[in-house]
Amino acid sequence: MKVFQTKEIRNIALIGGAKSGKTTLAEAMIFEGGVINRRGSVDDKNTVSDYRPIELERQNSVSSSILYTLHNNKKINIIDTPGFDDFIGEVISALRVCDTALMVVNSQNGVEVGTEINWRYTSSMEKPVVFVANHLDVELANFDETVRQLKQQFGNLVTVLQYPVNQGNGFNSIIDLLKMKLYTYPQGGGKPEILDIPASEKEKAEEMNAALIEELASKDEALMEEFFDKGTLNEEQINKALHLGLISRSIFPVMCASSKHNIGITRILEFITDAVPAPDEMPGVKTTDGKVLECKTSDPTALFIFKTAIETHLGEISYFKVYGGEVTESQDMVNPNRNSKERISQLFVINGKNREKVEKFVAGDIGATIKLKSTFTNNTLNSLKNPDDIIEPTLFPNPKFRVAVKAKNANDDEKVGAVLNELAKMDPTLVFGYSKELRQQILQGQGELHLNLTKWHLENLEKVAIEYLAPRIPYRETITKSAKAVYRHKKQSGGAGQFGEVHMMIQPYKEGMADQTEFPIRGRDTIELEWGGKLIMNTCIVGGAIDARFMPAILKGVMEKMEEGPLTGSYARDIVFNIYDGKMHPVDSNEISFKLAGRNAFKEAFKNAGPKILEPVYDVEVIVPEEKMGEVMTDLQGRRALIMGMDSEGNYQKIKARVPLAEMNRYSTALSSLTSGRATYNMKFAEYVQVPADVQDKLLKAYEEEEQDED
Ligand SMILES: Nc1nc2c(ncn2[C@@H]2O[C@H](COP(=O)(O)OP(=O)(O)O)[C@@H](O)[C@H]2O)c(=O)[nH]1
Ligand SMILES: [Mg+2]
């Protein structure tokens, strides 16, 4: 395959709600580009894009596919993304490396929650957007209503470039307001006949064209002058205005299609090659040191791995975008994220599961390679000339669905762990790890579907059965007032005895608190606890009541209880303990004795210090259509949520709340069923707060039953 130059490349992310027709559109685009000679369909399970076993089974994209097509001597890279919110990570990584988003909208449904969610990312990532009103062949297609909703949601910069003449059954004609022609497609779609606009449409088309030209002229001062002078713009000026408008997000064109019947597709390809930006016309990419890589072939090579996947018969495959320079086969590279070296083996142009070897990629292009040793999603690969630049990693949303994983057969535990670790490396929205604290393997993802697909992968491709359980909650324990305890550990059985006595006062720790004044403090150890919070040991011993050499043993004993709190066995945090007196025995005192004395004194004091259980509370942000607001609020209140505020965003409300993690189990599923999938949310750890008394009682009881006299 020939090597395409930067100016000959367009990078397009196909985004939009689930089932809006992205995969079908992609298929038509690559068919029309002559890259395949038979057009498959999602329903016949033979598209180029949906080829993974799970996608064939579910007839839904679950992962993005990298494709390309050709038009007018240009190579159009296409990333077809899945539409469900659970796979939003794929949309984010596609938008990251693409220069323009093609947002597919089902004209029967208008703006859907998926349209909304994807839009938000195009806007935060400042990407040009072209809308494709698809499904225009279905009986209930409503183009005008779809446009009305697009304008209402996304503003008046949404601009119609085409309209359907005969939407619904038998749809085959589109009026193009840029070309001022009628495009009529034959049975089976494909290449249109381009005709003069019929008299019946003339008036409407001319009116819309005039408005469009005026709108375009406003994108540029020189054009505006030209427009006032001549009353119109020529084709070149129109294209220039569109081009500028797209790049600056001051126009969001709407085009027409029926992907299923291959109507409108060639014109969309033409529009992409004429008007949407080439990779070097968009702002460069930043490195972590604030440098900007401007997409120049003359620069040193810089690749960014935006996706890794395992493909049958091929193994791990890494998809990259070239942000600078060019990359060739057998090139030596460095990975600054991992401080490792890689050698590029083969380079491939990818079309779904098909691939073609190519000798080189230049700046702006998207390609794939295999056999990288230790390079994963979000890593940079540089030539030896610029070894240190790290391209800013893509930020993915925090996980919001959490389960504990167990192999059905305990012998498989290790394999399950290994596979999940591998999957998490490939999919940055999947987080996996063993929690020592909870004594569970915890898997976190974007939603129930996301985790169910992970399960499907393990069971069908790795042949290990697993189950998902409710994860434990990482509670914490602390105290609310000071208390003292004296503990003497003494043992005299045969041989050497054991003796140690510790007098301890404990206090709740608060940032910036004043020291206690009852006992003079002679030494201090501050421990930043691994699980958050602090432990402070103050030594207030006078007259050598306890030798300094036993202090570490006392601290060790206390730490044992901090790791397994006296109330429920959870980690304890934010405590100061003062050792103010004690006793030794000239022969029998040793480290073990003081460790036990310290541990038990701490446990005693803790019980009398108003102990409390703390629970993790999350900042939750729910975005919900106005009419579902009531239900969602009621449900949140049932989850002990504290509502922090509300904002409106178009037809949507954004609710901000603080909700205990214990109440968020399976929230994504609940929210989805409350709102028919029209809401979305994200959550982020906020802080630990005391649980209410009734919840504490329940937790204490549950722990008692579990432990029954531990020591
Ligand atoms: N009638 C009609 N059906 C379509 C059109 N585009 C896609 N479909 C159908 O809609 C369903 C979802 O399409 P798909 O391409 O998988 O949507 P995606 O989830 O956005 O990738 C499939 O059954 C397609 O055959 C269209 O323009 N017209
Ligand atoms: Mg799809």
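Residues numbered from 1 in each chain as written. Chains lettered and ligands numbered in written order. Predicted model: local features only at pLDDT ≥ 70, side-chain atom pairs only at ≥ 80, totals over all residues. Heavy atoms only, no water.

**Some points on the environment of Gln153**
Phase 1 of the analysis: Here Gln153 is to be found in helix α5 (residues 143-154).
Phase 2 of the analysis: As a C-alpha pair, Gln153 and Tyr652 span 499 residues in sequence and 9.3 Å in three-dimensional space.
Phase 3 of the analysis: Gln153 has contacts with Val111, Glu116, Asn651 and Tyr652, leaving out every residue within four places of it along the chain. (Helix = DSSP H or I, 4+ residues; strand = E, 2+ residues; numbered from the N terminus. Contact = heavy atoms within 4.5 Å.)

**Some thoughts on the sheet that holds strand β25 (residues 431-435)**
Phase 1 of the analysis: Read from one edge to the other, the open sheet built from four strands follows the order β25-β26-β24-β27, with strand pairing classed as antiparallel. For this open sheet the edge positions go to β25 and β27 (466-469), each flanked by a neighbour on one side alone. For this sheet, the mean inter-axis angle between neighbouring strands, taken without regard to orientation, is 35°.
Phase 2 of the analysis: Sheet topology note: the strand β24 (residues 401-407)/β27 ladder contains four bridges and is antiparallel. (Pairing = 2+ DSSP bridges. Axes fitted to C-alpha atoms, helices over the stretch in contact; angles between N-to-C directions.)

**Considerations on the domain arrangement of the protein chain**
Phase 1 of the analysis: As far as domains go, the protein chain holds domain 1 (6-195 + 250-281), domain 2 (285-380), domain 3 (401-472), domain 4 (477-610) and domain 5 (614-695).
Phase 2 of the analysis: Here the C-alpha centroids of domain 1 and domain 4 sit 67 Å apart. (Domains from an automatic or database assignment.)

**Some remarks on the sheet that holds strand β11 (residues 252-256)**
Phase 1 of the analysis: What the seven strands build is an open sheet, ordered β2-β3-β1-β4-β5-β11-β6; its pairing is mixed. Each edge of the open sheet carries a strand with a single partner, namely β2 (65-71) and β6 (158-160). Strand-to-strand twist of the sheet, defined as the mean angle between neighbouring strand axes without regard to direction, takes the value 30°.
Phase 2 of the analysis: In terms of strand pairing, β2 meets strand β3 (residues 74-80) through seven bridges, oriented antiparallel. Bridged to Leu70 within β3 is Lys75.

**Section: the pairing of strand β17 (residues 332-335)**
Phase 1 of the analysis: Bridge count between β17 and strand β18 (residues 340-343): four bridges; the pairing is antiparallel. Residue pairing in the sheet places Val334 in a bridge with Lys341 of β18.
Phase 2 of the analysis: With antiparallel pairing between neighbouring strands as the criterion, β17 and β18 make up a hairpin whose turn holds four residues, including Asn339 at a positive phi of roughly 55°.

**A look at the pairing of strand β26 (residues 440-445)**
Phase 1 of the analysis: Across the six residues that make up β26, a large majority, five, are buried.
Phase 2 of the analysis: Where β25 meets β26, five bridges bridge the pair, whose relative direction is antiparallel. Bridge pairing links Ser435 to Gln440 in β26.
Phase 3 of the analysis: The antiparallel hairpin formed by β25 and β26 contains four residues in its connecting segment, where Arg439 sits at a positive phi of about 55°. (Buried < 20%, exposed > 50% of the residue type's maximum accessible area, 1.4 Å probe, protein only.)

**Examining the site of ligand 1**
Phase 1 of the analysis: In the vicinity of ligand 1, 17 residues are found, and the nearest of them are Lys19, Lys22, Thr24, Asp43 and Asp137.
Phase 2 of the analysis: In this structure, an oxygen atom belonging to ligand 1 sits 3.2 Å away from a main-chain N or O atom of Ser20.
Phase 3 of the analysis: Calculation on ligand 1 without its partners gives an accessible area of 580 Å², and the protein chains cover 90% of this total.
Phase 4 of the analysis: Classifying every residue of the shell around ligand 1 by side-chain character gives three nonpolar, nine polar and five charged. (Near = heavy atom within 4 Å. Polar contact = N/O pair within 3.5 Å; in protein donor to acceptor, adjacent residues only side chain to side chain. Areas by Shrake-Rupley, 256 points an atom, 1.4 Å probe, with all protein chains shown as cover. Nonpolar A, V, L, I, M, F, W, Y, C, P; charged D, E, K, R; others polar.)

**Here's the deal with the packing of aromatic side chains**
Phase 1 of the analysis: Across all of its chains, the model carries 16 aromatic pairs by this definition.
Phase 2 of the analysis: Ring geometry for Tyr618 versus Phe685: centroids 5.8 Å apart, planes at 80°, classification edge-to-face. Taken together, the residues Tyr618 in strand β35 (residues 612-625) and Phe685 in strand β38 (residues 680-690) connect sequence positions 67 residues apart.
Phase 3 of the analysis: The class of Tyr618 is buried, set by a relative accessible area of 18%.
Phase 4 of the analysis: Owing to a relative accessible area of 40%, Phe685 belongs among the partly exposed residues under this scheme.
Phase 5 of the analysis: Through pairs of rings, three or more aromatic residues link up here, namely Trp119, Phe131, Phe154 and Phe252.
Phase 6 of the analysis: The ring of Phe304 carries the charged tip of Arg96 above its face, separated from the ring centre by 4.8 Å.
Phase 7 of the analysis: Looking at Arg249, its charged tip hangs above the ring of Trp119, at a distance of 5.1 Å from the centre. (Phe/Tyr/Trp six-rings, centres within 6.5 Å; stacked < 30°, edge-to-face > 60°. Lys NZ or Arg CZ within 6 Å of the ring centre and 35° of its normal.)

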